[in-house]
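Working through the structure, step by step
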Amino acid sequence: SQTIHQWPATLVQPVGSPLSLECTVEGTSNPNLYWYRQAAGRGLQLLFYSVGIGQISSEVPQNLSASRPQDRQFILSSKKLLLSDSGFYLCAWIVAGGGYTQYFGPGTRLTVL
Amino acid sequence: AQSVSQHNHHVILSEAASLELGCNYSYGGTVNLFWYVQYPGQHLQLLLKYFSGDPLVKGIKGFEAEFIKSKFSFNLRKPSVQWSDTAEYFCAVNAGGSYIPTFGRGTSLIVHP
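Read on for a plain summary of the structure. (Residues numbered from 1 in each chain as written. Chains lettered and ligands numbered in written order. Predicted model: local features only at pLDDT ≥ 70, side-chain atom pairs only at ≥ 80, totals over all residues. Heavy atoms only, no water.)

Listed as interface residues are 20 residues of chain B and, on the opposing side, 22 residues of chain A. Both sides together, the interface formed by chain B and chain A hides about 1700 Å², and carbon and sulfur atoms give 59% of it. The tally of links from chain B across to chain A stands at 0 salt bridges. The tally of links between chain B and chain A comes to 6 residue pairs in polar contact (both at pLDDT 80 or more). Going through the elements one at a time, strand 5 (31-38), strand 6 (44-50) and strand 10 (87-95) of chain B are the ones with two or more residues in the side of chain B that touches chain A. In terms of residue count, the dominant contributor to the side of chain B that touches chain A is strand 5 of chain B (4 residues). A breakdown of the residues in the side of chain B that touches chain A according to their chemical character gives 10 nonpolar, 7 polar and 3 charged. (Contact = heavy atoms within 4.5 Å. Buried area = accessible area lost by both parts, 1.4 Å probe. Salt bridge = Lys/Arg side-chain N within 4 Å of Asp/Glu carboxyl O. Polar contact = N/O pair within 3.5 Å; in protein donor to acceptor, adjacent residues only side chain to side chain. Helix = DSSP H or I, 4+ residues; strand = E, 2+ residues; numbered from the N terminus. Nonpolar A, V, L, I, M, F, W, Y, C, P; charged D, E, K, R; others polar.)

Following this line, the structure appears as structure tokens:
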């Protein structure tokens, strides 16, 4: 069966520090991968999505970037965190050609101080 | 661009009460419709989905939703809620075969025992 991992589960970082959040998927190949930020009362904001290795589309201009160095690995990064980057970050995937249902990871709670 | 509206942001019910959560979308073409649920401390997960066929779809835990094309709606219902239904509920729409879903802002449901 397919599973999705995210780490770390929680993270507290100072303003101006770098960020790296990792997401890996098991049990599937060539998935579409997504990074969302979830804020209370504001739903899910799509940050990035990827249809393949090295292919990244950005939905919202911001202080973050994403990379997909391997088929089942998706990384969210920042060179210098801002206070406004605090939030709950979710990774998700869809099996391309296998329908449109998204499967979500457990999320990372990021607090920038 | 399409949008998804969830009109009820916070709903508080007593056990055994009936539930209906509204979801409206703005897209005139073919859509795939979803309700996702996030129980406290758990992953966001699929509750039910509509792709085609019978517009009344049934999901897990006694939930159902009805697709009314003329009203651009996909409301979620449950005839008798339980305390364990306390969660956040998200409506999502994939429009025109896109793999980029649009999410509503979510509805926080609290069920009192």
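Read on, since the account is not over.
A separate point is the sheet that holds strand 1 (residues 3-7) of chain A. Residues and elements named next belong to chain A. Taking strand neighbours across the sheet as the criterion, the 4 strands line up as 1-3-8-7 in an open arrangement whose pairing is antiparallel. Only two strands of the sheet have a single partner each, and these edge strands are strand 1 and strand 7 (65-70). Here the average twist between neighbouring strands, direction ignored, is 20°. Two elements, strand 7 and strand 8 (residues 73-78), share 4 bridges in a ladder whose sense is antiparallel. (Pairing = 2+ DSSP bridges. Axes fitted to C-alpha atoms, helices over the stretch in contact; angles between N-to-C directions.)

Residue and element names in this part refer to chain B. The final tally for this structure, using the stated rule, is 16 aromatic pairs over all chains. With 5.6 Å between their ring centres and 75° between their planes, Y25 and F72 make a pair best called edge-to-face. Of the two residues, Y25 sits in strand 4 (residues 24-25) while F72 sits in the loop between strand 8 (64-68) and strand 9 (73-78), which places them 47 residues apart along the sequence. Y25 sits in the buried class, given a relative accessible area of 6%. Residue class for F72 comes out partly exposed when judged on its relative accessible area of 33%. (Phe/Tyr/Trp six-rings, centres within 6.5 Å; stacked < 30°, edge-to-face > 60°. Buried < 20%, exposed > 50% of the residue type's maximum accessible area, 1.4 Å probe, protein only.)

Within the secondary structure layout, E88 of chain B lies in strand 10. In sequence terms E88 of chain B and H9 of chain B are 79 residues apart; their C-alpha atoms lie 9.4 Å from each other. Here E88 of chain B is in contact with Q38 of chain A together with Y36, V37, Q38, R105, G106, T107 and S108 of chain B, once residues within four sequence places are set aside.

The next point concerns the state of the cysteines. One pass over the structure, following the stated rule, counts 2 disulfides over all chains. There is a disulfide in this structure between C23 of chain A and C91 of chain A, and the S-S distance comes to 1.9 Å. Disulfide C23 of chain A to C91 of chain A: torsion about the S-S bond roughly -70°, handedness left-handed. Here C23 of chain A is found in strand 3 (residues 19-26), whereas its partner C91 of chain A is found in strand 9 (residues 87-95), with 68 residues between them in sequence. In this model C23 of chain B forms its disulfide with C91 of chain B; the gap between the sulfur atoms is 1.9 Å. In this structure the cystine formed by C23 of chain B and C91 of chain B twists about its S-S bond by roughly -65°; its chirality is therefore left-handed. You can see C23 of chain B sitting in the loop between strand 3 (19-21) and strand 4 and its partner C91 of chain B sitting in strand 10, a full 68 residues away along the chain. (Disulfide = S-S within 2.5 Å.)

This brings us to the pairing of strand 11 (residues 108-112) of chain A. All names here are of chain A. The alternating pattern of strand 11 places T108, L110 and V112 on a buried face, while none of R109 and T111, on the opposite face, is buried. In the sheet, strand 9 pairs with strand 11 via 3 bridges, with the strands oriented antiparallel. The residue of strand 11 that forms the bridge with Y89 is T108.

Before going further, it helps to spend a moment on the environment of P18 of chain A. All names here are of chain A. The topology assignment puts P18 in the loop between strand 2 (10-13) and strand 3. Linking P18 and K80, residues 62 residues apart in sequence, is a C-alpha distance of 5.0 Å. Non-local contacts of P18, meaning those with residues more than four positions away in its chain, are made with Q13, S78, K79 and L81.

Glancing now at the nonpolar core. With 29 residues, the main nonpolar core has L19, L33, W35, L48, F74, L76 and Y89 of chain B as its most contacted residues. Mapped by element, the contributors of at least two residues to this core are strand 2 (10-14), strand 3, strand 5, strand 6, strand 8, strand 9, strand 10 and strand 12 (107-112) of chain B. Looking at this core, the element that brings in the most residues is strand 10 of chain B, giving 5 residues. Those residues within four positions of L48 of chain B in sequence are excluded, and the remaining contacts are L33, F34, W35, V57, K58, G59, F63, E64, A65, F74 and L76 of chain B. With 19 residues, the next largest nonpolar core counts F48, L64, L76 and W93 of chain A among its residues. (Core = buried A, V, L, I, M, F, W, Y, C linked by side-chain atoms within 4.5 Å.)

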